[in-house]
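Tertiary structure, described
Letter by letter, the chains look like this.
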Amino acid sequence: MLLPIPALAPIFPYLDVAPLQWGPFTLHPFGILVALAIFTGMWFVQRRGEELGLDPLRVAELVTVTVIAIFVGSHLFEILAYQPARVLEDPLILLRIWDGIASFGGLLGLLAAAVWFHVRGRLSFLTSTDILMWGGVHAWILGRLGCSVAHDHPGLFTDSWFSVRWPVNHPDQALNVHGLPGRHDLGLLEFLYTFIMLGILYLTHRRWGWRPGFTTGVVFVSYAPVRFGMDFLRAVDRRYLSLTPAQYGSLAMLAAGLFLLWRYSRTDVIPHEAATSETSADAT
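This report concerns the structure included in the present document. (Residues numbered from 1 in each chain as written. Predicted model: local features only at pLDDT ≥ 70, side-chain atom pairs only at ≥ 80, totals over all residues. Heavy atoms only, no water.)

Quick notes on the sheet that holds strand S3 (residues 154–158)
One open sheet holds the 3 strands; their spatial order is S3-S5-S4, and the pairing between them is antiparallel. Edge positions in the open sheet fall to S3 and strand S4 (164–165), since each of these has one partner strand only. Examined bridge by bridge, S3 and strand S5 (residues 182–185) share 3 bridges and lie antiparallel to one another. Across the sheet, the residue bridging to Thr158 is Gly182, located in S5. (Pairing = 2+ DSSP bridges. Helix = DSSP H or I, 4+ residues; strand = E, 2+ residues; numbered from the N terminus.)

Section: the pattern of salt bridges
Side-chain pairs of opposite charge can arise where the charged atoms are in close proximity. Throughout the structure, instances matching the rule amount to 12 salt bridges. Arg120 is paired through a salt bridge with Glu61; the nearest N and O atoms lie 3.0 Å apart. On the criterion of sequence distance, the pair formed by Arg120 in the loop between helix H4 (103–119) and helix H5 (125–150) and Glu61 in helix H2 (residues 56–82) is long-range, its members being 59 residues apart. On the accessibility criterion, Arg120 (41% relative accessible area) is partly exposed. Exposure remark for Glu61: the relative accessible area of 24% places this residue in the partly exposed category. What emerges from the salt-bridge pattern is a single network uniting Arg144, Glu190, Arg227, Asp231, Arg234 and Asp237. (Salt bridge = Lys/Arg side-chain N within 4 Å of Asp/Glu carboxyl O. Buried < 20%, exposed > 50% of the residue type's maximum accessible area, 1.4 Å probe, protein only.)

Below, the structure written as structure tokens:
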């Protein structure tokens with residue numbers, strides 16, 4: 001006689017980290033982790049630029065412009081793509097860049113900064129995106145850890161063991177009509193997957209030589225399909241023809257990444273130790 005196999009309980013606890021009070025200031029864990037993510041990304045971008053022989057002052061300027069562009073782009077994308085009704089109610093919402101952010105908007109801001117540097121003749125577009133993506137993946141770990149702590153990307157309730165034990169007294173339990181024990185926390189899932197992305201990044205760059213566009217292609221191809229699938233787990237999100245704005249962005253990202261890797265395979269590869277002279281010429 002076969003005995004019934006009990007369902008596994010969700011393995012991830014619900015982390016509820018209280019804000020830190022520092023005099024008159026309240027420091028939220030999400031804000032602290034995002035700030036650490038920014039500085040981490042800046043450090044890795046600068047270091048990658050040095051490895052490729054780029055002018056440190058140009059890279060520092062690129063980083064500064066990109067940080068601003070990421071915040072502006074992430075806010076505008078969040079409002080225009082996900083909450084357009086708020087613009088009609090209060091047009092000034094577009095100026096309050098702290099009131100709502102979306103990661104794909106940050107990517108658009110990053111690309112805009114790379115275009116601006118290319119047009120100004122400071123750095124080529126693909127060299128800029130490559131070093132920014134290199135730093136961005138490292139920063140993404142802390143950024144998505146912040147999302148995990150804030151639980152700002154809640155997904156569907158589930159009986160999967162690979163989920164978060166959602167508190168029974170949480171207001172969102174009103175959506176849990178089937179009384180399921182867990183919930184997909186998409187910020188946490190992306191946080192865990194970023195370690196896999198980081199491994200892919202280091203393995204591919206150790207195995208193959210670098211050429212402008214290679215890093216961007218690897219990041220795009222490794223991230224886009226996973227993000228596309230994860231968005232189906234979102235509980236409540238604005239959709240257009242059954243897909244979220246981020247899913248359309250993922251499709252574009254995947255196409256661009258595949259093109260960059262195809263382009264890479266059709267050109268001469270630069271050994272890592274020879275990259276300095278190439279990027280120096282590429283930046284002029």
